[in-house]
Amino acid sequence: MIIRYNLQFFAEGQGGEKTEPATEKKLSDAREEGQVAKSREIANCLGLLSLFLVLKFWIGTMGTEFLQLFSGVYLKIPETIKMYGGQVPERELLDALQYGIIRMAVMVAPIFLIGFLVAFLSDYIQVKWKITAKPLKPKFNKLSPASGVKRIFSINSIVELIKSVAKIGLVLYVAYSYLNGKKNDIYYLYSMPLMQAVQLTGELVIDLGLRIAIVYLIIALLDFSYQKYKFAKDMRMSKQEIKEEYKQQEGDPQIKGKIRQRMREASQRRMMQDLPKADVVITNPTHYAVAIKYDPEQYEAPIVLAKGEDYLAQKIKEAAKENHIEIVENKPLARMLYANVEVGQLVPPELYQAVAEVLAFVYHLQGRTQ
């Protein structure tokens, strides 16, 4: 039995497989759209790590400030009640509440400030600084049920599921290992004084949090590497896409070729119009022809009015004969002038001597003085 199939079904879109690295333009356009190689786990783990580090070094100050605030407010209550005869004015209560809120805000401000800085720096390190509002625009294709099903059962969803299970498993393992080693201290919590028990609980929570954050950091670094690999793979282009992009940026090569051809034709027409002004045409004799003019009142050195190779060289020699311009055969000089001097440029100093000898010969034939 013969099974017929269409090989186009195996191609990744029009233009073949996407095997080429993304161009700078595509990466720039993707960045404008908010598509970058970024791991959310980096920001999460650094935020978690910074939180527990701040708590480790700031929790003592926070505890002292809180106890002072609580003691001050608690001790002030009887005096206030006694002062106002058992009825505290509403203004006094509002002032006390405002004072407490301000003190609490000052206590927790370093945590929020450092958390904001860490979140900002984690994103800046990953994707640098680029402000764009395009990711905020609604994309109605994301509302398609088919697209939603594809996202649910995509490879990326499977990777995210594996990553989540790995995170939960590692966190549970780290927490169990640490708390199992501290089980004797935990058993004695019920017999400890209140402040000592609170202090020990805080130390256990902070130390456990730091260990979890470090493990989380390792996962985040692995995830960042994966996100960079995935982004580079998603941004790959086919050779046809690169060609289309080049056409859009540089223009159609065929059109550019026609423009260059027309420019060459216009340049040749101007060159042939200036040819009758030449003093001499130096030839190879068959391959190259270079027309030279020397006018000491206009130029400080001889100038190349026209030059050509093969067919154009023959046209230059024909025009020279029609205009009674001397044609001198000098193979080395013709090749040097053709290769090193453009039309409209002066002859370089290293060729002065050779060109002067040719001009002197022509002037002698014409009975002119140099």
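Residues numbered from 1 in each chain as written. Predicted model: local features only at pLDDT ≥ 70, side-chain atom pairs only at ≥ 80, totals over all residues. Heavy atoms only, no water.

**Quick notes on the overall build of the protein**
(1) Moving on: Within the protein, the regular secondary structure consists of twelve helices and four strands.
(2) Moving on: Looking at the 370 residues of the protein, the share that counts as buried comes to 25%.
(3) Moving on: Here the analysis covers contacts within the protein between residues at least 6 apart in sequence; of these, 76% occur between residues at least 24 apart.
(4) Moving on: Working note: accessible area of the protein is about 26400 Å², and carbon and sulfur atoms make up 61% of it. (Helix = DSSP H or I, 4+ residues; strand = E, 2+ residues; numbered from the N terminus. Buried < 20%, exposed > 50% of the residue type's maximum accessible area, 1.4 Å probe, protein only. Contact = heavy atoms within 4.5 Å. Areas by Shrake-Rupley, 256 points an atom, 1.4 Å probe, with all protein chains shown as cover.)

**Overview of the pattern of salt bridges**
(1) Moving on: Per the counting criterion, the structure on display carries five salt bridges.
(2) Moving on: For Lys230, the salt bridge goes to Asp234, with nearest N and O atoms at 3.0 Å. Note that Lys230 and Asp234 are positioned in helix 7 (residues 194-234) at a spacing of four residues, about one turn of the helix. (Salt bridge = Lys/Arg side-chain N within 4 Å of Asp/Glu carboxyl O.)

**Considering the packing of helix 5 (residues 155-181) against helix 7**
(1) Moving on: At a minimum axis distance of 10 Å, the contact between helix 5 and helix 7 shows a crossing angle of 155°. Classified by the angle between their axes, helix 5 and helix 7 sit roughly antiparallel to one another. At the point where helix 5 passes helix 7, the crossing takes the right-handed sense.
(2) Moving on: Looking at side-chain class alone, the contact of helix 5 with helix 7 contains 14 nonpolar, two polar and eight charged residues. (Axes fitted to C-alpha atoms, helices over the stretch in contact; angles between N-to-C directions. Parallel < 35°, antiparallel > 145°, perpendicular 65-115°, else oblique. Left-handed = near helix turned anticlockwise from the far one by under 90°. Nonpolar A, V, L, I, M, F, W, Y, C, P; charged D, E, K, R; others polar.)

**Here we look at the layout of surface pockets**
(1) Moving on: Considering only enclosed or pocket space, the second largest pocket measures out at about 580 Å³ in volume.
(2) Moving on: Together, 19 residues line the second largest pocket, and Ile59, Gly60, Gly63, Val198 and Gln199 are the ones closest to its centre.
(3) Moving on: Where the lining of the second largest pocket is concerned, the elements lending two or more residues are helix 2 (40-83), helix 3 (90-127) and helix 7.
(4) Moving on: For the lining of the second largest pocket, the residue count by class is twelve nonpolar, four polar and three charged. (1 Å grid on protein atoms, 1.4 Å probe; cavity = no way out; pocket = protein on both sides within 12 Å on 5 of 7 lines; lining within 4 Å. Points joined across faces, edges and corners; volume = space filled by probe spheres on them.)

**What about the nonpolar core?**
(1) Moving on: By size, the foremost hydrophobic cluster in this structure holds 18 residues, and its most contacted members are Val280, Ile282, Ile292, Leu333, Leu337 and Val355.
(2) Moving on: Elements that contribute at least two residues to this core include exactly strand 1 (280-283), strand 2 (288-293), helix 11 (331-340) and helix 12 (352-366).
(3) Moving on: It is helix 12 that contributes the most residues to this core, five residues altogether. (Core = buried A, V, L, I, M, F, W, Y, C linked by side-chain atoms within 4.5 Å.)

**Quick word on the packing of aromatic side chains**
Each pair of aromatic rings is reported with the distance of its centres and the angle of its planes.
(1) Moving on: All chains considered together, the criterion is met by one aromatic pair.
(2) Moving on: Centre to centre, the rings of Tyr288 and Tyr338 are 4.8 Å apart; their planes meet at 40°, and the pair counts as tilted. With Tyr288 in strand 2 and Tyr338 in helix 11, this residue pair connects regions lying 50 residues apart in the sequence.
(3) Moving on: Since its relative accessible area comes to 18%, Tyr288 is described here as buried.
(4) Moving on: Positioned above the aromatic ring of Tyr338, the side-chain terminus of Lys307 is 4.9 Å from the ring centre. (Phe/Tyr/Trp six-rings, centres within 6.5 Å; stacked < 30°, edge-to-face > 60°. Lys NZ or Arg CZ within 6 Å of the ring centre and 35° of its normal.)

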